[in-house]
Protein chains: 2
Amino acid sequence: MHEETTPNHLVIFMPSGRRGRIASGTLVLDAARQLGVEIESICGGRLTCNKCRIRVEEGQFAKHGITSAQSHLTPASDEEIRLLEKLESPDCRLSCNAKIVDDALIFVPEESRAHKQVVRKAATDRIIDLFPTVRQIFVEVDNAELGEHRGDWGRLQDALAAKWNLHNLTIDLPVLRELQANLRKGKWSVTVTLWQEREVIDVQPGYQEGVYGLAVDIGSTTIAGFLCDLRTGEILATESMMNPQVTYGEDLMSRISFAMMHNDGLEKMHTAVIEALNRLAASTARAAGIRQRQIQEAVIVGNTTMTHIFLGINPIELGGAPFALANRDSMNVKARALGLRLHRSANIHVLPAEAGHVGADNVAALIAEEPYNQEAVTLLVDVGTNAEIVLGNKAWMLSASSPTGPAFEGAQIRFGMRAAPGAIERVRIDPETLAARFRVIGEDSWSDAWQIGPQFPVEAQPQHLAAGICGSGIIEVVAEMFLAGILLPDGRFNPTLHHERIRWDERRGEYIVATAEQTTTGSPIVVTQEDVRNIQLAKAALYAGTKLLMNEAKLTHVDRIVLAGAFGSYIDPKYAMILGLIHDCDLAQVTAVGNAAGDGARIALLNKHKREEAQRISEWVRYVETAVHPDFQQEFVGAIHLPHATDPFPHLNGLLPDPMPNLELNGNGRRKRRRRRNKKITTKEEK
Amino acid sequence: MHEETTPNHLVIFMPSGRRGRIASGTLVLDAARQLGVEIESICGGRLTCNKCRIRVEEGQFAKHGITSAQSHLTPASDEEIRLLEKLESPDCRLSCNAKIVDDALIFVPEESRAHKQVVRKAATDRIIDLFPTVRQIFVEVDNAELGEHRGDWGRLQDALAAKWNLHNLTIDLPVLRELQANLRKGKWSVTVTLWQEREVIDVQPGYQEGVYGLAVDIGSTTIAGFLCDLRTGEILATESMMNPQVTYGEDLMSRISFAMMHNDGLEKMHTAVIEALNRLAASTARAAGIRQRQIQEAVIVGNTTMTHIFLGINPIELGGAPFALANRDSMNVKARALGLRLHRSANIHVLPAEAGHVGADNVAALIAEEPYNQEAVTLLVDVGTNAEIVLGNKAWMLSASSPTGPAFEGAQIRFGMRAAPGAIERVRIDPETLAARFRVIGEDSWSDAWQIGPQFPVEAQPQHLAAGICGSGIIEVVAEMFLAGILLPDGRFNPTLHHERIRWDERRGEYIVATAEQTTTGSPIVVTQEDVRNIQLAKAALYAGTKLLMNEAKLTHVDRIVLAGAFGSYIDPKYAMILGLIHDCDLAQVTAVGNAAGDGARIALLNKHKREEAQRISEWVRYVETAVHPDFQQEFVGAIHLPHATDPFPHLNGLLPDPMPNLELNGNGRRKRRRRRNKKITTKEEK
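Residues numbered from 1 in each chain as written. Chains lettered and ligands numbered in written order. Predicted model: local features only at pLDDT ≥ 70, side-chain atom pairs only at ≥ 80, totals over all residues. Heavy atoms only, no water.

1. Comments concerning the state of the cysteines
Working definition of a disulfide: a covalent bond connecting the sulfur atoms of two cysteines. This model, assessed by the stated rule, comprises 0 disulfides over all chains. Among the cysteines around Cys96 of chain A, which has no disulfide bond, Cys52 of chain A carries the closest sulfur, lying 3.7 Å off. (Disulfide = S-S within 2.5 Å.)

Okay, structure coming up:
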């Protein structure tokens, strides 16, 4: 047996608890790597990034079997002491400078861990582990010298291999083109930006910091973008905008028709979305105080038609059976190949789809909500112009899609608008007076508390008047109109009602939600008969799709419902159920999570392992073709009424007035009209 | 032990001799694959490509241990018989249709072998093994069906995996964009073009044939291109053109200066070469009768400045010590990333360089000539505007470069031109009459046999008159002028000569090579004093570089000299030695191989293994910095004279007239003038 010449020390890293014997004189940073503990470090030991702070725990040694009590590490240099004082961390050490000379228990604070966690800002406050695909490292490269012919890229590769253990790297041509100038400008010290640990996408002179990414959910009607700091996971800016493709058709089928009917149809729609994304990148970058060219990666989700058009692939095959995708898997494409003006070497990751009509947006919602990790049977409904529905738990999962149309996103609604300041998002109608009170985005107080008019001081008046109605608002107002008896169960305006809030044009009524003085334009905001019809068609399509999926699974009820949707504020589950948007369920088990697809895109941007999970899940979920199912039409027609007429809804008890103001159910489940008396409303007997 | 249910047969493939036991009923094609014998097949057994013909050898069984004499294969179907008759191969079988049912000795004819060989059309007639990186395969893909969601690309991948054992493929975005249309157009049968067995670069409907590649040598002065059929290795078209960058500087240093002095200098030169290559691709494609968009790969070689500019990399670092390359290794880049109009998904392979001044062109010359596989010490000189010199054998190899200037390529020569019809390529001067006779490219007869003038019928007159002098012509004419006494050893026109062939402008002479009636313009073609000076400077730079390399290797002579050069026809080694272009060597061991760099580019285009060899060799050769060597100036000055004045040239004995017409060597190796008498020439004694 040979004798060990270098003594070993027991080293334990907390909080991970990883332990092992480490040769004396090893840098703490290297010891951590040997034991699989990832400590953040960009500068690689140059005492510039100050990311790798650790703390030696003095008190707790005995219980971990460490007995020595002092001098676990080499003493700090003056430079290190100066730095730590500047960082107000005098009790810490820099792991790239301190060497192990005795047993040590080392605590790695949260901010020094290579893979941090960020709390997702959503209803469910999920934790996102930070494993971005893009990272920066600082490296010193050998000077070019006469008689040494590796070339600058060869020299950089050698430095990255020796100091960061990175091998088999490629370099993007635009980066290579400026490599020589940047190496010399940085005096052979550069910050390298790496993608997927395999491609060099930037080389900047000297020590630099800053990696940013953009997550985008391209909806048929709304595009939502999140600009994130890839080092912290923080959202720096959020922006949503209309999808400019609506010019070419409001829903997917009309976009597909446009591509089919016009030779340049695809190109026009592709250009429109690319230009929109360029504006989105510009405005989020501006809001975050960075340059658009600093966005080094983007993750894109969207329904299949949207991702096809985004990639420049003609969506016509998605317009008819068998709804064949060009590609179901995730893809990486250079931003510049699509005309996206991000960092010149930025990559775009498009999440995978599940089937012809269930796209990357649904996969994104899945990796955000993870119903596949739960015992409870969950129904995940992502409401948009095309609704995606997923049903299942950890053992099985079915998906379907339903062409709801854009009504829930405020399109096809007279005063519909996206969720922006001034959009009506909450509505209550007094069943006695039929007057509405509402709340708009950007204003805390309800409209009945607004102080409007010259008699009030300017500072007391609301900042935002009503400008329109967003998705959650339209759902509430239609449900409230029904509860107040303004709408009949079949969706018609009650023709017996004559009231100042209801205007009649021939036989088509419209209801005044906001009066002239409450709006930005000075004209009232109304909900028309056609608006109501469009909401009915949308909710019926959604319900029918869900119903068929439940039939497929031989289920009559679900444990949980997750309501997702990119259309502004969260839907109130109660109104969703009154409207018959969702199935009967214990309301305590219904959650609205907002833009889950956008959240999923952001999660995939921040965590590369979730991309792999997305690919696995996309192949695992079984898609059920509901739109062409022979029962679809029947279920659709059955779901037109307010609320659903033929299915039992025990959980609606207590939500609907009992008896209903103007209707009751007859013996066979069909409702019959019921006379309703109200002092302030003039009613007439129906003939 | 389990009993074998399927009988095995002994199968031997010739000429490889590979043998093994094959299960009964196995297709001959599959049996070949199992035994590692590669048989050509594009259609994969669809009886359309007819590439896989084999022959069963009936007579020779006994000696190979095969005893049965008949019915080795299943009988041919009517379709197969019809096809084979059409192909006039009635004694063959198609290996994709015939199954093995008994022991068999199978001969695979040359044309059916997957890796054919082509004879290189060059002086040395080397054999090139055909292993192109691009190949086509025919595949039938599952139809898209409702309820099956792989996507078209997924379906194609599955088909390629199942039928061709191809995995982990990627698809180029433009191909994906048209995948769905092409699959349907071909009724789910398509021809896939693969690059490097890993990227799908084309999908065409139905069964298609045709893969083409372009090999290009970008010289400082001349660009040469070879369009090849990648299935046969055949050269379909050859074209050479001026490098349009000469507008920005004649030699490398002036190009580098131009990039340094002008902000848009790089861009201008990059655009110029890309446009030239686009013209080259267009004209070679036209000549070959294919479309430019059918060129699916290109291999580029050139000196380091040329490849840097071609890739859009600023060459300024190559302009001064330490002459750092941006990248020394080989690269693959999409043609479209550079603006090259080839196939939309074509890749460009740039061969590696060796050092700052020894580029991919020299590596190409090396893999063409393979001096590294030989025992003999070879000096490989690639003459161009920048000359690359390699010295060595299988054990060691040194390289150097010398800035010769563009004189050898016909630039800086009054009547210089590239090797095109009408270029003077051979010259003889009668030492008695001082009259020249010459041969031009495109004309078999020497000029003294030309029948010019109204007295001769048109069909008897030469097709091409003299238009200028190409590289090999200028070397011969200067050497002949020296042999004839027109030039003194120091390169001056002999001032004592007065002759109708020599014109004097002040004290600068010029020699009439072609008389007015022999030229296309009607004016004489002359060689001026300045032309001679430029040739002297070029050959001295070349010689000095070679000399320093030989000093480095401590050699005074070499076994072989290989003279390469892109400047038209082959250099006559005799004249090269008289001029002092090369070192003393047994003339039988001096070969001129023409454009070896272009040959190497073509070899790399046709054989991917040679690309790997190029990468290995480029790292192995040791570069010697000669241009900045302290002895360079001295060697350069010593090499200015005609022939070399200070080195011994025993092999010139018998080539130079003895005694020299007008000179002899004095005791210390310096020549002294010698009186020369000639009846027809008026000579004057020098003072």
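So much for the structure itself; the text now carries on.
2. Focus on the sheet that holds strand 18 (residues 378–383) of chain B
Residues and elements named next belong to chain B. If you walk across this open sheet you meet the 6 strands as 28-27-18-19-20-29, and the pairing is mixed. At either end of the open sheet lies a strand with only one pairing partner, and these are strand 28 (590–594) and strand 29 (622–623). Judged from the 5 bridges that link them, strand 18 and strand 19 (residues 387–392) form a sheet pairing that is antiparallel. Among the inter-strand pairings, Thr378 is bridged to a residue of strand 19, identified as Gly392. (Pairing = 2+ DSSP bridges. Helix = DSSP H or I, 4+ residues; strand = E, 2+ residues; numbered from the N terminus.)

3. Quick word on the relation of the copies chain A and chain B
Least-squares fitting of chain A to chain B yields an RMSD of 0.2 Å, with the superposition described by an axial translation of 0.0 Å and a rotation of 180 degrees. What the superposition gives is, in effect, a two-fold axis relating one chain to the other. Across chain A, the smallest distance between a C-alpha and the rotation axis is recorded for Ala337 of chain A, namely 4.6 Å. Here 100% of the contact residues of chain A are again contact residues in chain B; the copies associate through an equivalent surface. (Least-squares fit on C-alpha atoms with pLDDT ≥ 70 in both. Contact = heavy atoms within 4.5 Å.)

4. Things to note about helix 10 (residues 529–552) of chain B
Its 24 residues place the ends of helix 10 of chain B 35 Å apart at the C-alpha level, agreeing with the 34 Å of an ideal helix rising 1.5 Å per residue. With its phi angle positive at about 55 degrees, Lys554 of chain B sits one or two positions after the end of helix 10 of chain B. (Expected span 1.5 Å × (residues − 1).)

5. Things to note about unusual backbone geometry
Residues and elements named next belong to chain A. Put simply, Leu642 and Pro643 share a cis peptide bond, and its omega is -20 degrees. A positive phi angle is found at Leu434, which is not glycine, with a value near 65 degrees. With respect to the helices and strands, Leu434 occurs in the loop between strand 21 (423–429) and strand 22 (436–440). On the basis of relative accessibility, which here comes to 0%, the residue Leu434 falls in the buried class. One non-glycine residue with positive phi stands out, namely Lys554, at about 55 degrees. Tracing the backbone shows Lys554 in the loop between helix 10 (529–552) and strand 27 (560–565). On the basis of relative accessible area, Lys554 is assigned to the exposed category, the value being 72%. (Buried < 20%, exposed > 50% of the residue type's maximum accessible area, 1.4 Å probe, protein only.)

6. Quick word on the packing of aromatic side chains
The description of an aromatic ring pair rests on the distance of the ring centres and on the angle between the ring planes. Residue and element names in this part refer to chain A. Under the defined criterion, the tally for this structure stands at 12 aromatic pairs over all chains. Between Phe138 and Tyr207, the ring centres sit 5.8 Å apart and the planes meet at 55 degrees, which makes this aromatic pair tilted. Here Tyr207 lies in the loop between strand 11 (199–205) and strand 12 (212–218) and Phe138 lies in strand 8 (residues 134–140), a separation of 69 residues in the sequence. Residue classification places Phe138 among the buried positions, given a relative accessible area of 3%. A residue is classified by how much of its surface remains accessible, and Tyr207, at 24% relative accessible area, is partly exposed. For the ring pair Phe438 and Trp450, a centre distance of 5.3 Å and an interplane angle of 85 degrees mean the geometry is edge-to-face. Remark: Trp450 occurs in the loop between strand 22 and strand 23 (468–469) and Phe438 occurs in strand 22; sequence separation between them is 12 residues. Phe438 sits in the buried class, given a relative accessible area of 0%. The ring of Trp446 is capped by Arg437, whose NZ or CZ atom sits 4.7 Å from the centre of that ring. (Phe/Tyr/Trp six-rings, centres within 6.5 Å; stacked < 30°, edge-to-face > 60°. Lys NZ or Arg CZ within 6 Å of the ring centre and 35° of its normal.)

7. Here's the deal with the pairing of strand 18 of chain B
Residue and element names in this part refer to chain B. When you tally the buried positions in strand 18, you get 6 out of 6 residues, the bulk of the element. Across the two faces of strand 18 the burial is the same, with Thr378, Leu380 and Asp382 and Leu379, Val381 and Val383 all buried. In this structure, the hairpin formed by strand 18 and strand 19 is closed by a connection of 3 residues.

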